[in-house]
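Here is how the chains run, residue by residue.
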Amino acid sequence: MTHREHPIWEEELMPYFDGQLDEAKASEIANHLETCEDCAAAVADAKGLSQQMTEWKVEDTSQKMRESTLTEMRLQERSKRSRQRWAWWTNRPVWAYGLTGAVAALVLLTVSVPSLLRSRESNPPIIAALSSPSEAVVTQQEFNKIQRAQPEAPSGPMIIRSARLAIVTKDFDGSRARIETIARESQGYLDQLTAQGEVGSGRTLSATLRLPSGRAETALVELRKLGKVRQESQNSSDVTSQYVDLQARLTNARNTEQRLTDLLRERTGKLPEVVDVEREISRVRETIERMQAQQKDMNNKVQFATIQVTVSEEYRAGIELSSPSAGTRLRNALIDGYHSAVESVLNAALLVLLCGPVLLLWSAVLIPVILLARRIYRMRLG
Amino acid sequence: MKSDEQLMLEFQGGTAAAFEELFERYRNPIYGFFRRRLNNAGRAEELAQETFVIILRGVEQYEPQAKFRTYVYAIATKQLWSERRKDIRAGRFAAEPQETSHESDPSTALWIRDALAQLDDGPREVLMLREYEQLSYDEIAEVLAVPINTVRSRLSRARTELKALLESQSARGISR
């Protein structure tokens, strides 16, 4: 069938049925359908098919899906409002950022240059406090200040140093004072100090000193002068690789935390996913804090050597010049005699109990043997 | 009644109620879109929700030149293709028998579903968008990113093939 014979193309029937043709064309086809049975049947088929297809119905969505989507929308809205609160800053033109940066740099220079000049003129306040003779041993707070002033990661190898010293001295009191002085002069501190014993008896003192690693050797020389060194040991442990590894893990954890925070800010998923991200952030934060504590502890151990000192007093027994009275001596002798008598009775009883069973056993064996031997002897004589 | 585009613009301006209205208009159609194309009802609901989440996230980029209806079905179609790619990678595609909704007349719905499953992807998608989502030819062309003549020819082919399949199914049913 040509277009001349049949004025409607077959492909035009479907758009007609679907209402996708303009009014003129639709009217033309409608007229044609009145006279063409084939085309009318094709349109009727399409209509029937469409009706059949509508038999496949689908249930409605659940209430849960509705609520979680609307919750997500509210979260999104809250985040948007929060962004808008900062929009006055984020939407500024570039020149505004430049101007703000220039003003900030100017303020920083104005504040920092005079204080930098002042710090060159005098010692740092911490060192000045430590060098004062009236100052006692460095306090924990001062130690923390010193530690903060130290660089976080030294460029060279990281060595943890420790030493043990056992010293015997005649001047016990002087030694204690000297240990405190050594700690102060070395710009370290006394971590722990314990003294035991009474005056006149052999006293002992145990102290743990935390001294800057660079000054530990000089301090050991001074400590050896306290008396006779009975025992000494030194130990060094290289923790450079552990420190580098810890640093790398810490950087990774911080990056992860940043990525998770960004993810939460963008809030791409559903509510349970947001809760999961928050839980993950909290876990990563905990890991970071644990690693920071390890790093701080490692820095502390590297920067400050540990020296354990045990000082024993050299004990000499004194001569007793006075003797007890005669009455006391008689009384003591009587009491000692009584104790001796009781002791001897007890010892005899113990001997009987100890040897009795053995004697009985051997008697049961030996007595019949002896009796038999005597009888044989008599028979030979008789 | 406000148009979808007006509601979307109001939501851009911060009116949460406008989105709620849009959501109420489209939540069942979008769910139906996924439900008729996927075997798993739960996954269909998740994908419907994800479609709305994408709209929420992209609200600031929405431009009123685009029809909201086309916009939302284009997102849903992309989600569907992505899901099918995942299914193919996981070896799940067409492995599970499709559940039929309890709302349907079991026999006719089953025939329709089985016959549709036998059509080629292209014609079937055009026919379903036309019959179930009630999209116009222009909208289908935009959603599937194909020329309008392709939509026409695919639709015509899909109807012819589906009619033949249903007739053969019907004949088999009667002969049994």
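Residues numbered from 1 in each chain as written. Chains lettered and ligands numbered in written order. Predicted model: local features only at pLDDT ≥ 70, side-chain atom pairs only at ≥ 80, totals over all residues.

### What to know about the overall build of chain A
Secondary structure summary: chain A contains 13 helices and five strands in total. Considering chain A as a whole, with its 382 residues, one finds that 14% of them fall into the buried category. Taking as baseline every contact in chain A between residues at least 6 positions apart, the subset at least 24 positions apart corresponds to 77%. (Helix = DSSP H or I, 4+ residues; strand = E, 2+ residues; numbered from the N terminus. Buried ≥ 20, exposed ≤ 12 C-beta atoms within 10 Å, placed from the backbone. Contact = placed C-beta atoms within 7 Å.)

### Focus on unusual backbone geometry
With a phi angle near 60 degrees, glutamine 187 of chain A is a residue other than glycine that sits in the positive phi range. Within the secondary structure, glutamine 187 of chain A sits in the loop between helix H9 (172-185) and strand E2 (189-196).

### Comments concerning the interface of chain B and chain A
Taken together, the 38 residues of chain B in the interface contact 30 residues of chain A. The element best represented in the side of chain B that touches chain A is helix H2 (residues 16-35) of chain B, accounting for nine residues. Residues belonging to the side of chain B that touches chain A are distributed by class as follows: 14 nonpolar, 10 polar and 14 charged. (Nonpolar A, V, L, I, M, F, W, Y, C, P; charged D, E, K, R; others polar.)

### Concerning the pairing of strand E1 (residues 159-169) of chain A
Residues and elements named next belong to chain A. In this sheet, strand E4 (residues 228-238) lies alongside E1 in antiparallel orientation, the contact comprising 10 bridges. Residue pairing in the sheet places isoleucine 160 in a bridge with serine 237 of E4. Pairing between E1 and strand E5 (residues 304-313): eight bridges, direction parallel. Bridged to alanine 163 within E5 is isoleucine 307. (Pairing = 2+ DSSP bridges.)

### Let's talk about the environment of glycine 156 of chain A
Residue and element names in this part refer to chain A. Position of glycine 156 among the secondary structure elements: in the loop between helix H8 (140-149) and E1. Here glycine 156 falls in the exposed class, since 6 other C-beta atoms lie within 10 Å of it. Sequence separation between glycine 156 and threonine 240 is 84 residues; the distance between their C-alpha atoms is 8.5 Å.

### Considering the nonpolar core
Counting residues in each nonpolar core, the largest one holds 52 residues, and the members touching the most others are Ile30, Phe34, Ala48, Val72, Val126, Ile140 and Leu162 of chain B. When residues in this core are grouped by element, the largest group, eight residues, is from H2 of chain B. Each residue touching alanine 48 of chain B, except ones within four places of it in the same chain, is listed here: Thr61 and Met65 of chain A together with Arg27, Ile30, Tyr31 and Phe34 of chain B. With 21 residues, the next largest nonpolar core counts Leu205, Ala207, Ala219 and Leu226 of chain A among its residues. (Core = buried A, V, L, I, M, F, W, Y, C linked by C-beta atoms within 7 Å.)

### Some points on the sheet that holds strand E3 (residues 204-212) of chain A
Residues and elements named next belong to chain A. Reading across from one edge, E2-E3-E5-E1-E4 is the order of the five strands in this open sheet, with mixed pairing throughout. With partners counted over all chains shown, the strands left at the sheet margins are E2 and E4, one partner each. Across the sheet, the mean angle separating the axes of adjacent strands is 10 degrees when strand polarity is ignored. Its contacts with the sheet put H9 on E1, E2, E3 and E5, and the angle it makes with E3 is roughly 15 degrees. (Axes fitted to C-alpha atoms, helices over the stretch in contact; angles between N-to-C directions.)

### Considering the confidence of the model for chain A
Keep in mind that low pLDDT regions are not for reading the predicted coordinates in detail. Confidence in the prediction of chain A, expressed as mean pLDDT, is 78, and 77% of residues score 70 or more. Of the regions scoring below 50 in pLDDT, residues 146-152 of chain A engages in six contacts with residues more than four places distant in sequence or in other chains. (pLDDT = per-residue confidence, 0-100.)

### Examining the environment of glutamate 21 of chain B
As for its placement among the helices and strands, glutamate 21 of chain B is situated in helix H2. C-alpha separation for the pair glutamate 21 of chain B and lysine 2 of chain B, spaced 19 residues apart in sequence, amounts to 9.7 Å.

### Notes on the packing of helix H6 (residues 121-131) of chain B against helix H7 (residues 137-144) of chain B
How two helices sit against one another is set out by the angle between their axes and by the gap between those axes. Residue and element names in this part refer to chain B. For the pair H6 and H7, the least separation of the axes is 10 Å and the interaxial angle reads 130 degrees. By the angle class used here, H6 and H7 are oblique. Both H6 and H7 take part in a crossing whose hand is right-handed. Contacts from Glu125, Val126, Leu129 and Arg130 in H6 reach Ile140, Val143 and Leu144 in H7. Class assignment for the residues of the contact of H6 with H7 results in five nonpolar, no polar and two charged. (Parallel < 35°, antiparallel > 145°, perpendicular 65-115°, else oblique. Left-handed = near helix turned anticlockwise from the far one by under 90°.)

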